Structures are given as structure tokens and as C-alpha cells.
There are 2 protein chains.
Amino acid sequence: MTFNQTLDAIRVYEAGKPIELVVREFGIEPKDIIKLASNENPFGCSPKVQEAVSAIVSKMALYPDDSMYKLKDGLAKRFGIDPHEVVIGAGSDQVIEFAVHAKTGPGKKILINSITFAMYEIYAHHVGAEVIRTASRAHDLDEFYALYLEHKPSIIFLCTPNNPTGDSADAADVKAFLSKIDRETLVIVDGAYMEYARYKDSAKALEPKELIEAYDNVLYLGTFSKAYGLGGMRVGYGIAQRDIITALYKLRPPFNITTLSLEAASAALEDEAFVQRCIAKNFEEMDRYEAFAEAHGIRAIESYTNFVTLCLKEGTSSTEVADALLRQGMIVRNLAGYGLNAIRVTVGKPEENDRFFALAAELV
Amino acid sequence: MTFNQTLDAIRVYEAGKPIELVVREFGIEPKDIIKLASNENPFGCSPKVQEAVSAIVSKMALYPDDSMYKLKDGLAKRFGIDPHEVVIGAGSDQVIEFAVHAKTGPGKKILINSITFAMYEIYAHHVGAEVIRTASRAHDLDEFYALYLEHKPSIIFLCTPNNPTGDSADAADVKAFLSKIDRETLVIVDGAYMEYARYKDSAKALEPKELIEAYDNVLYLGTFSKAYGLGGMRVGYGIAQRDIITALYKLRPPFNITTLSLEAASAALEDEAFVQRCIAKNFEEMDRYEAFAEAHGIRAIESYTNFVTLCLKEGTSSTEVADALLRQGMIVRNLAGYGLNAIRVTVGKPEENDRFFALAAELV
């Protein structure tokens, strides 16, 4: 059977290897595997969230409240916005999908950073849009602007802090950039790791309320998958002025969030103290990664996230290092596929990081 | 901001009202509300599924095993097929979405029954495909064939048993129809309620293994949302020959099923006895709905599902009946939007059905 030609260009996203796969492929016991590959919160989610979800497992038969009243209300209060300025996705991934389907397509272009979250390109290929990339590794907003003038993209993606590199643009620079972009171009500010950046350096913090009040063409993305410790529950959100949200809603399938996920995300918003403790611990441990890098003469890209990108020395292959770690039950992300001789390591619990340092010391 | 023109044609799916909404809109206490509107299993899911999910609430931070090894293996064993012949969606809805995006688009057509599951049309509008409908209320496969010859659709949807009417085509007729369709036309057999039909009348039962072995252009859909009692967890599946599955996989976003949903669905497959008990009870209660209809001189469409469509008398408005029930805390589905003066009622627990009969007796 033949399918639409757009499928030919689609490559499938390569996710961090789950523990289950390593168990099957390498025969390593689950207890001996450490996964520092998908930037999950190593401390999990708040115990209060676990309690809230446990309390409603008898309700799994019931479709979720598709208005998502409680969660949208919680996000609106959290960010000082109106619930109508929020759309909920199955991960912020799905909000990206809605936006790409709503705004771009064949004969149109999107503009992204040279190295950035892979799903922007994958979704653009779903709809047959052309992908324009910067040359610079970090978000160079002057280069973005020059390419914007040249290509007039329908969507510009700014991922800040950036995944998979961990660096972050300055908030002031982003706002100056937004002021120069015409209002027909949708600018998606992906703040999946913004909670970490906000904690580390207020100069990096972009506030959705401020962005959408000033720019009617901005869609801000956030997620419960990282700092909130709910990667497995698939809940993200988009924040924008109401006409953008209305358009995205047209593409939202009914019941796109599970009943338990809605409860988990709502409960997570009510234990901000847990999240802040996790973030504080993250940056304590991050210091140890920086010290490790310095001690071994390799470069750690300064990170505003819960992961660190270690750029390996010439002559050391990131593929070989990642494979050697994997055979010993340590899962990290090899960035060779992104054109970097680097590995991306999620900052784990202290004992997980100890193990990484011990294993990696022999390899880098 | 302007968006793609395809958005103009999209209407948003109207879901059954959730209990939370009725609480907010009518000020009725949750304990006084009975929802017979979304064809959820009134007996919930197996206690073993609840145990399995409760046991892993501490793992909500972890992304799911994106290979979905365990669930695909369970489905493969259940249906006697190969795991590579399965794709998992966030509800079978999402598999429909993959198929529509893979196979149709502007300038192409899909063929559906006059009254059928609303998402076929909605997804077709997402991609700008034209929707051709039969005139007959029940699936008339001769009419389908005539329209197939006339329009050469890229996709034909057969929903059997059909939602929202509950009737079912004969398996032999479906197979005779499939034998006449060219192999470039994708035929989607939506068996969301097949577990019920299989129990009631083996002449209505379509087996995915048999279908995909005989027809390389068939995609069979199943779900955990109905008989398996996991409507809130969003897990469905598509079964087809491998080249179709490979194409759909290209459009599958990573991590489209939550960690808890994967566990729930896998566990649900291991307690088939629970499901069969629920189905047996369903048809015992269905008899009472048929008796109610007969006693009140209204027509119940013979149902092979867990819901019943009651066609009201002339002069009685389904909108008024549904509204009057709603004000008394009884949620059913008004089918006026489908062009039927009928209500669709999920077969509930005995006491829920008692309440329906008591309230409806005054209204129909």
C-alpha cells in the first residue's frame, strides 16, 4: 500500500533507552541499571501527588473531565493568567504538534536552532514544511533574526533553556528579538526547563504572563515532565493569547490527558515546595559534574537545566563512551546524532552521580 | 494571527458531559449524579488492574517504555498475531488520527456511514480530506460498495458494532465486502465494541488475525476504553500487516501512552474473566432496557454493545428529554446532533438503570 509522500521524510524520534530495554538487551538486572538519559526528576514526584493518584485508581474507567477545569485553573493561578489562555497537551510535545498543524505546512518554513529538541523538525516533516536551521550551536538571536528576514518562516522555535545542550538565552535578548518579529509569525518559546533556569539565574527567566501580554504571536510551552517529576504521565501546556489557544484547541483530540494524569498534574501544582527542593538539590549535584569535567579536562556546557552536556576530547568518541557506559548499566544520551561529540547526562541522585563519575572517569 | 485554512472546517468533538461539569453547572452533588453517557464500563476495571497501577505510582516520573514491549506482546498473544502487527494509540482515536494523516489529505476522500463515530470526520477535516457518507442509518454494505466505486476513497471506515447506534454488521457480509475492495484503499474496521458483539452473537464477530491475514489493506481497531474498563487511561490499538503498522509508526509521537496506562492495559489483558463477567452482566441489564422500550412503545435499536439507542416518539424531543434527565443528575447522550430523535444510554449498574427507568418513564 502507498502512503502520503510526507511520510518519506519522517524519521522516528530516538528516545532515551528505557530501563526495560536494557534489561532485555544486555541481561542486566533492573536494580543495577541507572538511567540518566531522559532528564526525568531523579527524586520523582511529590509524595502528595502519589497519594492523590492512588486515591483515584478506582476511577480509571471514567473518561477525564475534558474541560480540564481544575488543571487549567491551577495553571492560571500559578502564572497569573486566564484559564482561556491555556491549552493542555499530552506532554508539551503535543502542543508543538497542534501548533505545527495549525500554522505551517507545504511551501512554508519553520526556523529552529542548529541543535535543539528533535520534535520540532519531526512535526514539521509530518506536515511537509521546510526546516531552516541556524549555524550557531547556542541560540544566536542575531542569526535567528537574519534568517527570519531571509526566509519569513511561519513558526520560529526558541528553546530556552535549550535541549539537548542546557544553555539558555538571556530573557532581555529574547524580548528584544520578539519586538522585531512581525505579528503573523508564531514564535514558540519552549520553556520545558524554565523552572531550573528561573532558580539559577533570574536573567534567564521568561515569564509567560509577561510574554503573552506583550506579544500576541507568542506561544509559551511548559511541562510537568521535568521539574514536576511527571515524565511518565504526559502533561504539558501552552500559554498564549486566546485566539492562538482557540486555534490549537481545534486540533486537540478529545480526552488527550488521562484521568490519573490530570489529577497528578493538578496535585503537583499544589506542592511547589517539593519542586523547589528538587531544583536546589539538582544544582548542588550539578556543581559536582562541573568539577568532574574540570578534573578530566573536558568541557561541560553551562547548564540551566537538570542535565549537563559533556563535550568529549578529540579522539574520544561519544558513541563509544555511551556504549561502554550502557554495557555497565549506565544509560546516558549520546549526542552524535546531533552532530556533537558529546554525551548528555541527567543530573541524578547523589549515589547515581557517584556511579557515573566512577564509570566515566575510566572512559573520558 | 491567521492559521491554516483547514482549521475553518473543523468542529470540535462534543464529549459526554463529565460529572464534574454537571456538579459545576447545576450544583448537584457528585453522589447524586449518574453518568450513562460515555459507554464506560460501569463496573470499572479489574481490581487486579487497580493493584498493578497502585504498585507503580512511585514511577510516575519515569517515561514509559516507548517500545511498549509488554503491552504489544500481550496483545499479540491475545489475538495470535505478531507484535510487529500492532500499533498502540492514546485511545483508538489516535490510531485513527495516524491513519488519516498517513493515507488521506486534500483532494482525497474518506467514506463513512451516515451516522457513526464523529472522530472519523473530524480527523478528515484536520487534513482537508472530503467526507462521503452513506444515506442508510445502518451500515449498508451495498451502498458502501456503490459509493466506493463512484468516489474511490482513500479510506473506508466500517464501525462495527456501530457507535452511536449499537447495531452491528454481519461478519460474513464485511468479509464479502472486503474481498471486493482494491488493495490500495485502506479499510479501517473499528471494533471498539467488538468484545460485546463477540459475546452476544458469533455471527457478528470479526477476528483481527483472520482479517489481516486475508486482507493486506485492513486496519483493525480495538480499545481498552470500553469492555476493559479503562476509558480514563487512553489506550487503544491498531492491528494490520506490517507495512501499514510501519507507516502509522512514523506518525506516532514518542511516549504517547502514560507509564501507568501501559501497566493498566497490560494487567487488564491478564484478567479476561473480569471482562467476560462485566459483559454478561451488561446483556442481562440490556434485556431490561429492551423491556422498558417495549413497555413505553419506543424503539430500542438492537445493540451489540454496552449502550442502547432509544428512538423517541414523534412529538417527544430527545433534546428536551436529555435536558430534563440532566437537571435531575442523569447524564445520557442526546443524538439530535447526529440527526436522530434519540438518546443513547450506557447500560449501567442495576441500580443506575433502575434510576434511569424511573426518571425516563415520566419523559418518554
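Here's a quick rundown of the structure.

Rules behind the numbers
- Residues numbered from 1 in each chain as written.
- Chains lettered and ligands numbered in written order.
- Predicted model: local features only at pLDDT ≥ 70, side-chain atom pairs only at ≥ 80, totals over all residues.
- Heavy atoms only, no water.
- Buried < 20%, exposed > 50% of the residue type's maximum accessible area, 1.4 Å probe, protein only.
- Helix = DSSP H or I, 4+ residues; strand = E, 2+ residues; numbered from the N terminus.
- Contact = heavy atoms within 4.5 Å.
- Salt bridge = Lys/Arg side-chain N within 4 Å of Asp/Glu carboxyl O.
- Buried area = accessible area lost by both parts, 1.4 Å probe.
- Polar contact = N/O pair within 3.5 Å; in protein donor to acceptor, adjacent residues only side chain to side chain.
- Nonpolar A, V, L, I, M, F, W, Y, C, P; charged D, E, K, R; others polar.
- Pairing = 2+ DSSP bridges.
- Axes fitted to C-alpha atoms, helices over the stretch in contact; angles between N-to-C directions.
- Core = buried A, V, L, I, M, F, W, Y, C linked by side-chain atoms within 4.5 Å.
- Least-squares fit on C-alpha atoms with pLDDT ≥ 70 in both.

What about helix H11 (residues 259-269) of chain B?
Here is step 1: For H11(B), the buried fraction is high: ten of the eleven residues fall into the buried class.
Here is step 2: By the burial criterion, the buried members of H11(B) are Thr259(B), Leu260(B), Ser261(B), Leu262(B), Ala264(B), Ala265(B), Ser266(B), Ala267(B), Ala268(B) and Leu269(B).
Here is step 3: Where H11(B) is buried, its residues meet helix H2 (47-54) and helix H11 (259-269) of chain A together with helix H2 (47-54), helix H3 (69-79) and helix H12 (272-295) of chain B.

Considering the pattern of salt bridges
Here is step 1: Evaluation of the coordinates by the stated rule reveals 38 salt bridges over all chains.
Here is step 2: In this structure, Arg198(A) engages Glu207(A) in a salt bridge whose closest nitrogen and oxygen atoms are separated by 2.9 Å.
Here is step 3: For Glu207(A), a relative accessible area of 30% translates into the label partly exposed.
Here is step 4: Arg133(B) serves as the salt-bridge partner of Glu121(B), at 2.3 Å between the closest nitrogen and oxygen. Here Glu121(B) is found in helix H5 (residues 119-126), whereas its partner Arg133(B) is found in strand E4 (residues 130-133), with twelve residues between them in sequence.
Here is step 5: For Glu121(B), a relative accessible area of 15% gives the class buried.
Here is step 6: Looking at Arg133(B), the relative accessible area reads 35%, which means it is partly exposed.
Here is step 7: A cluster of three or more residues bridged by salt bridges with shared partners is formed by Glu285(A), Arg288(A) and Asp354(A).

A closer look at the interface of chain B and chain A
Here is step 1: With 73 residues of chain B at the contact, the number on the chain A side is 73 residues.
Here is step 2: When the buried area of chain B at its contact with chain A is split by residue, Met1(B), Met60(B) and Tyr63(B) rank highest and sum to 14% of it.
Here is step 3: If you look at where chain B meets chain A, you find two salt bridges.
Here is step 4: Connecting chain B to chain A are 40 residue pairs in polar contact (both at pLDDT 80 or more).
Here is step 5: Looking at the side of chain B that touches chain A, the elements that each hand over two or more residues are helix H1 (19-26), H2, helix H4 (92-103), H5, helix H10 (242-251) and H11 of chain B.
Here is step 6: Residues belonging to the side of chain B that touches chain A are distributed by class as follows: 35 nonpolar, 21 polar and 17 charged.

Considerations on the sheet that holds strand E8 (residues 236-239) of chain B
Residue and element names in this part refer to chain B.
Here is step 1: With respect to topology, seven strands assemble into an open sheet ordered E2-E8-E7-E6-E5-E3-E4, the strand pairing being mixed. Pairing within the sheet leaves two strands with one partner each, and these edge strands are strand E2 (86-89) and E4. The sheet shows a mean angle of 20° between the axes of neighbouring strands, taken without regard to direction.
Here is step 2: Pairing geometry for strand E3 (residues 109-112) and strand E5 (residues 155-159), over two bridges, is parallel. When the sheet's bridge partners are listed, Leu-111 is paired in E5 with Ile-156.

Topic: the nonpolar core
Here is step 1: With 178 residues, the main nonpolar core has Phe224(A), Phe356(A), Phe224(B) and Phe356(B) as its most contacted residues.
Here is step 2: Among all residues touching Phe224(A), those that are not within four sequence positions of it are Leu71(A), Leu75(A), Gly229(A), Leu230(A), Gly231(A), Val235(A), Tyr237(A), Ala265(A), Ala268(A) and Leu269(A).

Comments concerning the relation of the copies chain B and chain A
Here is step 1: Between the two copies, chain B and chain A, the superposition gives an RMSD of 0.0 Å; the rotation angle is 180° and the shift along the axis is 0.0 Å. Taken together, the rotation and translation describe the operation of a two-fold axis. Among all residues of chain B, the minimum C-alpha distance to the rotation axis is found for Ser54(B), at 2.9 Å.
Here is step 2: Taken as a fraction of all interface residues of chain B, those also at the interface in chain A reach 100%, which identifies the copy contact as same-surface.

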